[in-house]
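Descriptive structure summary
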Amino acid sequence: MMRKLADKKTVKMISLVVAAVFVLGVFGMAFTQSGFTNVASAAASESAVGVVNYQLLVAQSPDMQAYRTQMQQEQETAKSDFESKSASMNDTEKQNYAKQLDERLANKQRELLEPIYKKIDQAIERIAKKKGLSVVVDRGFVVYGGVDITSEVGTSLTAK
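In short, a report on the structure.

Observations concerning the nonpolar core
Ranked by internal contacts, the top residues of the largest apolar core, which has 18 residues, are Y67, I120, I124, I149 and V153. Counting residues per element, the ones that place at least two in this core are helix 4 (54-59), helix 5 (64-85), helix 6 (91-131) and helix 7 (150-159). Considering every element that reaches this core, the biggest residue donor is helix 6, with eight residues. Ignoring sequence-local partners within four residues, the contact set of I120 consists of Y54, L57, V58, V153 and L157.

Considerations on the packing of aromatic side chains
The tally for this structure, following the rule as stated, stands at two aromatic pairs. For the pair F82 and Y97, a centre-to-centre distance of 6.1 Å together with 10° between the ring planes defines the contact as stacked. One end of the pair, F82, is in helix 5; the other, Y97, is in helix 6, with 15 residues separating them in the sequence. According to the relative accessible area criterion, Y97 is buried, its value standing at 12%.

Overview of the sheet that holds strand 3 (residues 147-148)
Spatial ordering of the open sheet is given by 2-1-3, a layout of three strands whose pairing is parallel. Of all the strands in the sheet, the pair left with one neighbour each is strand 2 (135-138) and strand 3. Here strand 1 (residues 49-52) runs beside strand 2; their pairing, made up of four bridges, is parallel. In the strand pairing of strand 2, V49 is matched with V135.

Comments concerning the environment of N53
Mapped onto the elements, N53 comes out in the loop between strand 1 and helix 4. Considered as a pair, N53 and F141 are 88 residues apart in the sequence and their alpha carbons are 10.0 Å apart. Every residue in contact with N53, bar those within four places of it in the chain, is listed here: D138, R139 and T150. Within polar-contact distance, the side chain of N53 engages the backbone nitrogen of L56 at 3.1 Å.

Points about the packing of helix 6 against helix 7
For the pair helix 6 and helix 7, the least separation of the axes is 9 Å and the interaxial angle reads 125°. Taken together, the axes of helix 6 and helix 7 lie oblique to each other. In terms of crossing hand, the pair formed by helix 6 and helix 7 is right-handed. Judged by residue contacts, K119, I120, A123, I124, R126, I127 and K131 of helix 6 engage E152, V153, S156 and L157 from helix 7. When its residues are assigned to classes, the contact of helix 6 with helix 7 shows six nonpolar, one polar and four charged.

Cut-offs used in this document
Residues numbered from 1 in each chain as written. Predicted model: local features only at pLDDT ≥ 70, side-chain atom pairs only at ≥ 80, totals over all residues. Heavy atoms only, no water. Core = buried A, V, L, I, M, F, W, Y, C linked by side-chain atoms within 4.5 Å. Buried < 20%, exposed > 50% of the residue type's maximum accessible area, 1.4 Å probe, protein only. Helix = DSSP H or I, 4+ residues; strand = E, 2+ residues; numbered from the N terminus. Contact = heavy atoms within 4.5 Å. Phe/Tyr/Trp six-rings, centres within 6.5 Å; stacked < 30°, edge-to-face > 60°. Pairing = 2+ DSSP bridges. Polar contact = N/O pair within 3.5 Å; in protein donor to acceptor, adjacent residues only side chain to side chain. Axes fitted to C-alpha atoms, helices over the stretch in contact; angles between N-to-C directions. Parallel < 35°, antiparallel > 145°, perpendicular 65-115°, else oblique. Left-handed = near helix turned anticlockwise from the far one by under 90°. Nonpolar A, V, L, I, M, F, W, Y, C, P; charged D, E, K, R; others polar.

Here is the structure:
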């Protein structure tokens, strides 16, 4: 019997079992004494993920009608500018001028959409903080789960 206990494999195995029991015991005591369950539940609530349908929020934004009207006016102005100024231009000059007008329209579009996006982002942040969500992502990137706050954000945008 003593020979069997002196065998290197047996000693190694007993040492591993004793070490595992010790580590599990220490971990168990630390888990129950430190209130780890409270920390874990707090971390779970802080890591809640919210989702929104950003495209829907943009489309339903009360400011979109003003955006559409202004963009339509800009497009009509650009079209009339092109028609009046391009009459005496060759094809290359017409292409270059059309490119300039397209860039001008793209810049105007960014300029008009930026405050709309900013309002939506602020509303999302406000609702997320109110609900205790630490992250909000677009619905298009979520396969499963998350707290959908789209309707609440939309309501807060129309309420103002």
